[in-house]
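Inside the fold
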Amino acid sequence: MSVHTTGQRAVDAPFGPPPTAPAEARPAADGPPVRISVDNNHCELYGICQQEAPEVFHLGEDGRLRYTPAPAGAHTPAVRQAARCCPMQAITLTQLAQVTQEPK
Ligand code: SF4
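Numbering of residues begins from 1 in every chain and follows the order in which that chain's sequence is written. For this predicted model, a pLDDT threshold of at least 70 governs which residues receive local features, and a threshold of 80 or more governs which side-chain atom pairs are given and counted, while totals over whole chains, interfaces and linings are taken from all residues. To get the side-chain values, take all heavy atoms of the structure and skip hydrogens and water.

1. Points about the sheet that holds strand β1 (residues 10-11)
Note on pairing: two strands pair once DSSP finds at least 2 bridges between them. Each helix corresponds to a stretch of at least 4 residues labelled H or I by DSSP, and each strand to a stretch of at least 2 residues labelled E; elements are numbered beginning at the N terminus. Taking strand neighbours across the sheet as the criterion, the 3 strands line up as β1-β4-β3 in an open arrangement whose pairing is mixed. Each having just a single partner strand, β1 and β3 (57-59) make up the two edges of the open sheet.

See below:
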């Protein structure tokens, strides 16, 4: 979880209900889970990321971008698309290790 500071435009704080488990512990659904980081020095708040992945990115009325830093793997395709479409290339994705289940 991040610390909110004055002047910070992008905040890596979830805006929806919190996930039941950290992304590292959840199995991948539609892609391996990724960790998101948005560079405040590059983000110009165009909101394209919100258009591509509205479950993960949210541009608030207060002019701040909020995002879920470690969304479920089901959102990975949309998050990758958001990162590709960001005109400022402000979104960095780090792939998290996948959790595999042992056969019973
Ligand atoms: S698309 Fe890029 S520049 Fe626009 S709000 Fe999202 S992170 Fe910021």
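Now that the structure has been shown, we can carry on.
2. Concerning the site of the ligand
For this description, a residue counts as near a given molecule or strand if any of its non-hydrogen atoms is within 4 Å of it. Val38, Cys43, Glu44, Leu45, Tyr46, Gly47, Ile48, Cys49, Leu65, Cys86, Met88 and Ile91 make up every residue found near the ligand. Applying the majority rule of atoms within 2 Å of the grid points places the ligand in the largest cavity. For the shell around the ligand, the per-class residue count stands at 10 nonpolar, 1 polar and 1 charged. Here a cavity denotes a set of grid points, spaced 1 Å apart and computed over the protein atoms alone, in which a 1.4 Å probe fits but from which it cannot get out, and a pocket denotes an open set meeting protein on both sides within 12 Å along at least five of seven lines; residues with an atom within 4 Å of a point are reported as lining. More than half of a molecule's atoms within 2 Å of the grid points is what it takes for that molecule to sit in a cavity or pocket. Polarity classes work like this: nonpolar for Ala, Val, Leu, Ile, Met, Phe, Trp, Tyr, Cys and Pro, charged for Asp, Glu, Lys and Arg, and polar for all others, with Gly in that last group.

3. Points about the confidence of the model for the protein chain
For every residue, the predictor states its confidence as a pLDDT score lying anywhere from 0 to 100. Chain-level statistics for the protein chain give a pLDDT mean of 82 and a share of 70% at 70 or above. Mean pLDDT in the protein chain bottoms out at β1, which sits at 79, and peaks at helix α1 (residues 48-52), which reaches 98. Whether two residues touch is decided by their heavy atoms; if any such pair falls within 4.5 Å, the residues are in contact. Low pLDDT, under 50, characterises residues 1-6; the predicted model gives this stretch 10 contacts beyond four residues in sequence or across chains.

4. Concerning the nonpolar core
For this analysis, a nonpolar core means a set of buried residues of the types Ala, Val, Leu, Ile, Met, Phe, Trp, Tyr and Cys, connected via side-chain atoms within 4.5 Å. In this scheme, a residue with accessible area under 20% of its type's maximum is buried, one over 50% is exposed, and one in between is partly exposed, where area comes from a 1.4 Å probe on protein chains only. Counting 17 residues, the largest nonpolar core has Ile36, Val38, Phe57, Leu65 and Ile91 as the members making the most contacts within it. Mapped by element, the contributors of at least two residues to this core are β2 (34-38), β4 (65-67) and α2 (76-85).

5. Thoughts on the pairing of β2
Residues Val34, Ile36 and Val38 point to one face of β2 and are all buried, whereas Arg35 and Ser37, pointing to the other face, are not buried. In the sheet, β2 pairs with strand β5 (residues 91-95) via 5 bridges, with the strands oriented antiparallel. Looking across to β5, one finds that Ser37 is bridged to Thr92.

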